[in-house]
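# Summary of the model geometry
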Amino acid sequence: QVQLVESGGGLVQAGGSLRLSCAVSGRTFSNNAMGWFRQAPGKEREFVASISWDGGSTYYADSVKGRFTISRDNAKNMVYLQMNSLKPEDTAVYYCVRYSSGKPDYWGKGTLVTVSS
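Here goes a summary of the coordinates provided.

Criteria and cut-off values
- Residues numbered from 1 in each chain as written.
- Predicted model: local features only at pLDDT ≥ 70, side-chain atom pairs only at ≥ 80, totals over all residues.
- Heavy atoms only, no water.
- Helix = DSSP H or I, 4+ residues; strand = E, 2+ residues; numbered from the N terminus.
- Rg over C-alpha atoms; globule rule 2.2 N^0.38 Å.
- Buried < 20%, exposed > 50% of the residue type's maximum accessible area, 1.4 Å probe, protein only.
- Disulfide = S-S within 2.5 Å.
- Pairing = 2+ DSSP bridges.
- Axes fitted to C-alpha atoms, helices over the stretch in contact; angles between N-to-C directions.
- Core = buried A, V, L, I, M, F, W, Y, C linked by side-chain atoms within 4.5 Å.
- Salt bridge = Lys/Arg side-chain N within 4 Å of Asp/Glu carboxyl O.

### Regarding the overall build of the protein chain
For the protein chain, the count of helices and strands is zero helices and 11 strands. Along the protein chain, helices (α) and strands (β) appear in the sequence β-β-β-β-β-β-β-β-β-β-β when read from the amino end. Relative to the compact-globule value of 13 Å for 117 residues, the protein chain shows a C-alpha radius of gyration of 13 Å, a close match. Along the first, second and third principal axes, the C-alpha atoms of the protein chain reach 40 × 25 × 25 Å. Here the protein chain holds 117 residues, and the buried ones make up 42% of them.

Following this line, the structure appears as structure tokens:
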């Protein structure tokens, strides 16, 4: 059984920073790509960032490129999302995902990020 538990969300002013963390249980963590999605109120869930199993490749949505950084620590079974220069439009519930065969197969319950203007 794989469990993903996000933390680090909260309220921040525009221009501020937050660091989200995702704790992953399960022995296959280091074999899987990981990622983050988000869902804003009244909007569909969207891709934010992903990272390869070894951390060697990262991908970002255009809307967060240059502001967000995804990273992982395979020794600790952790995935992180450093979010800088936050904007009100970044307000959303952020979900950690595990990838298998190129698609998310496990999701966390999410952590709320609210950016005030």
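So, next bit.
### Remarks on the state of the cysteines
Note on terminology: disulfide describes a covalent bond linking the sulfur atoms of two cysteines. Across all of its chains, the model carries one disulfide by this definition. Residue pairing for Cys-22: its cysteine sulfur links by disulfide to Cys-96, the two sulfurs lying 2.1 Å apart. Between Cys-22 and Cys-96, the S-S torsion sits near -85°, and that sign places the bridge as left-handed. With Cys-22 in strand E3 (residues 18-25) and Cys-96 in strand E9 (residues 92-100), the pair connects residues that are 74 residues apart, well separated along the chain. Across this residue pair, the class does not change: Cys-22 and Cys-96 are buried.

### Describing the sheet that holds strand E1 (residues 3-7)
In a beta sheet, neighbouring strands pair by backbone hydrogen bonds and run either parallel or antiparallel. Pairing in this open sheet of four strands is antiparallel, and the strands run E1-E3-E8-E7 from one edge to the other. The sheet terminates laterally at E1 and strand E7 (68-73), the two strands that pair on one side only. Each strand axis lies, on average, 15° off the axis of its neighbour in the sheet, ignoring direction. Where E1 lies against E3, five bridges are found, and the strand directions are antiparallel. By the bridge assignment, Val-5 is partnered in E3 with Ala-23.

### What about the side chain of Arg-67?
Checked against the element boundaries, Arg-67 lands in the loop between strand E6 (58-60) and E7. For Arg-67, a relative accessible area of 11% translates into the label buried.

### Here's the deal with the nonpolar core
Residues Trp-36, Leu-81, Met-83 and Tyr-94 are the most contacted members of the largest nonpolar core, which totals 28 residues. No other element matches E3, which puts four residues into this core.

### Comments concerning the pattern of salt bridges
Opposite charge on two side chains makes pairing possible when the charged atoms of those side chains draw close. The full count for this structure, using the stated rule, is five salt bridges. For Asp-90, the salt bridge is made with Arg-38, and the minimal N-O distance between the two is 2.9 Å. Residue Asp-90 is found in the loop between strand E8 (78-83) and E9, and its partner Arg-38 is found in strand E4 (residues 34-39); the two are separated by 52 residues along the sequence. Residue Asp-90 is classed as buried on the basis of its relative accessible area of 1%. A salt bridge links Arg-67 to Asp-90, with the nearest nitrogen and oxygen atoms 2.8 Å apart. Here Arg-67, found in the loop between E6 and E7, pairs with Asp-90, found in the loop between E8 and E9; they are 23 residues apart in sequence, far enough to count as distant. A single burial state applies to Arg-67 and to Asp-90, both of which are buried. Each of Arg-38, Glu-46, Arg-67 and Asp-90 takes part in a single network of salt bridges with overlapping partners.

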